[in-house]
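If you want the building blocks of each chain, they are given just below.
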Amino acid sequence: MSIFEYDQEKHMRQEREAAWKEGRRSGLEEGRRSGLEEGRRSGLEEGRRSGLEEGRRSGLEEGREQILEQQIQKKLAKGKSVSEIAAELEETEERIQDLIRVMHG
């Protein structure tokens, strides 16, 4: 038998190994691509959801603040003191004073 003789088993083993490596490489690439796409979609959905929640909270807080300022304005127009307004609106005098400064400042 010469060293140049064909070894079918070795050749088949090499072919299987090469195919396995190519399949693994291809699978890794596809998995990474798929993972990136899924991650982007998930991140976008999570970001959108978080933005909506934050926007709602912020809008609610702004709305409450505006209502409080309107109530303070009405009570000031009626001649009520800061301590009376604070008691009626269940806020601290400091908070009422701060809001008055913001409204008139």
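For the structure itself, consult the block above.
Quick caveat: nothing in here was measured; it's all calculated off a predicted structure.

With respect to unusual backbone geometry
Most peptide bonds adopt trans geometry, and most residues besides glycine take a negative phi value.
Then comes step 1: One non-glycine residue, Glu90, lies in the positive phi region at around 55°.
Then comes step 2: In this structure, Glu90 sits in the loop between helix 2 (82–89) and helix 3 (93–104).
Then comes step 3: In this structure Glu90 comes out as exposed when scored by relative accessible area, which is 72%.

Let's talk about helix 3
Then comes step 1: Compared with the 16 Å implied by 1.5 Å per residue over 12 residues, the 16 Å span of helix 3 between its first and last C-alpha is a close match.
Then comes step 2: Taken residue by residue, helix 3 has Ile96, Leu99, Ile100 and Met103 as its buried positions. Looking down the long axis of helix 3, one finds its buried residues gathered within 105° of arc, a one-sided arrangement. Across from the buried face of helix 3, at angles greater than 90 degrees, the exposed residues are Glu94, Arg101 and Val102.
Then comes step 3: Contacts made by the buried residues of helix 3 are with helix 1 (8–77) and helix 2.

Criteria and thresholds
Counting of residues starts from 1 at the beginning of each chain's written sequence and follows it residue by residue. Predicted model: local features are reported for residues with pLDDT of at least 70 only, side-chain atom pairs are reported and counted for 80 or more only, and whole-chain, interface and lining totals are derived from all residues. Remark: hydrogens and water are excluded; side-chain values derive from all non-hydrogen atoms of the structure. Strands here are runs of E lasting at least two residues and helices are runs of H or I lasting at least four, both read from the DSSP assignment and numbered beginning at the N terminus. Any residue under 20% of the maximum accessible area for its type is buried, any over 50% is exposed, and the rest in between are partly exposed; the area is computed with a 1.4 Å probe on protein chains only. Here a helix's expected span is defined as the number of its residues, less one, multiplied by 1.5 Å. The reported arc concerns the directions from the helix axis to the C-beta atoms and nothing else. When checking whether two residues touch, look at their non-hydrogen atoms; a contact exists if any pair is within 4.5 Å.

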